[in-house]
Amino acid sequence: MARNLRSAPRRNIEHLQINSVSSMASLTKIAKKAEIIEASSTGFLMVIKREDLIPAELRKNLTLESLVGTEILIYLPQMNLELSGKVARTQLKGKAGFQIGIDYTEDAPEYWRECLFDLLPAPGELD
């Protein structure tokens, strides 16, 4: 079985606030807020704290595996931008919350993704 190898370079970015994480299928809110901590031209890594999860069944679990494959919609207020993508992986990071890898290659052309990646602020750039 072939593994899905990451082909796009990753970089740390200024942590970007997410005001809402919703399911695209039902528009049900998954989380009140989250934070993007790492990005590439194919996706990003976000952190959601347990207390920010809205569905009780997600808050009570030690895993968010049930979200893998879910198409989501997020809003980045600092960039006034709405993005959609698919949950590729999740991992519990203890008290820090859950890390969730999002792939947004299906919904956006490569040129647009590269431009977005270039526009994401480097650490300290928004201070």
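Residues numbered from 1 in each chain as written. Predicted model: local features only at pLDDT ≥ 70, side-chain atom pairs only at ≥ 80, totals over all residues. Heavy atoms only, no water.

Asks: Teacher, can you tell me more about the overall build of the protein chain here?
Replies: Of regular secondary structure, the protein chain possesses 2 helices and 8 strands. For a compact globule of 127 residues, the expected C-alpha radius of gyration is about 14 Å, and the protein chain comes in at 14 Å, within 12% of that figure. Seen through its C-alpha atoms, the protein chain measures out along the principal axes to roughly 45 × 40 × 30 Å. The proportion of buried residues among the 127 residues of the protein chain is 41%. In the protein chain, once contacts between residues fewer than 6 apart in sequence are set aside, the share between residues at least 24 apart is 54%. With 16 positive and 17 negative side-chain charges, the protein chain shows a spacing of 9 Å between the two charge centroids. (Helix = DSSP H or I, 4+ residues; strand = E, 2+ residues; numbered from the N terminus. Rg over C-alpha atoms; globule rule 2.2 N^0.38 Å. Buried < 20%, exposed > 50% of the residue type's maximum accessible area, 1.4 Å probe, protein only. Contact = heavy atoms within 4.5 Å. Lys, Arg positive; Asp, Glu negative; His and termini not counted. Charge placed at Lys NZ, Arg CZ, Asp CG, Glu CD.)

Asks: Could you clarify how one ought to interpret the packing of aromatic side chains in this entry?
Replies: Each aromatic ring pair is summarised here by two numbers: the centre-to-centre distance and the angle between the ring planes. This model, assessed by the stated rule, comprises 1 aromatic pair. Seen in terms of ring centroids, F44 and Y104 are 5.7 Å apart; in terms of plane orientation they differ by 35 degrees. Their pairing is tilted. Here F44, found in strand 5 (residues 43–48), pairs with Y104, found in the loop between strand 8 (98–103) and helix 2 (110–119); they are 60 residues apart in sequence, far enough to count as distant. You can call F44 buried: its relative accessible area is 9%. (Phe/Tyr/Trp six-rings, centres within 6.5 Å; stacked < 30°, edge-to-face > 60°.)

Asks: Would you mind going over the nonpolar core with me for this structure?
Replies: With 29 residues, the main nonpolar core has V21, I36, F44, M46 and I74 as its most contacted residues. Elements that contribute at least two residues to this core include exactly strand 1 (11–18), strand 3 (29–31), strand 4 (34–39), strand 5, strand 6 (71–76), strand 7 (81–92), strand 8 and helix 2. Setting aside residues up to four positions removed in sequence, M46 forms contacts with I18, V21, A34, E35, I36, I72, F98, Q99, I100 and I102. (Core = buried A, V, L, I, M, F, W, Y, C linked by side-chain atoms within 4.5 Å.)

Asks: Which parts of the structure should I look at to understand the pairing of strand 8?
Replies: The side chains of a regular strand alternate between the sheet's two faces. In terms of burial, strand 8 is a largely internal element, 5 of the 6 residues being buried. Here strand 5 runs beside strand 8; their pairing, made up of 6 bridges, is antiparallel. Bridge assignment links V47 to a residue of strand 8, and that residue is Q99. By the bridge criterion, 6 bridges tie strand 7 to strand 8 in an arrangement that is antiparallel. The residue bridging V87 from the neighbouring strand is I102, located in strand 8. Adjacent in sequence and paired antiparallel, strand 7 and strand 8 are bridged by 5 residues, among which G94 carries a positive phi angle near 65 degrees. (Pairing = 2+ DSSP bridges.)

Asks: Is there a simple way to think about the sheet that holds strand 3 in this case?
Replies: Sheets are built from strands that pair by backbone hydrogen bonding, the pairs being arranged parallel or antiparallel. Here we have 8 strands laid out as an open sheet, ordered 1-4-5-8-7-6-2-3, and antiparallel in their pairing. Taken across any chain shown, the strands that pair with only one partner, and hence form the sheet edges, are strand 1 and strand 3. Between one strand axis and the next, the sheet turns through 35 degrees on average, direction left out of account. Where strand 2 (residues 20–23) lies against strand 3, 2 bridges are found, and the strand directions are antiparallel. Bridge pairing in strand 3 places V21 opposite A31. Lying over the sheet, helix 2 contacts strand 1, strand 4 and strand 7, oriented at roughly 80 degrees with respect to strand 7. (Axes fitted to C-alpha atoms, helices over the stretch in contact; angles between N-to-C directions.)

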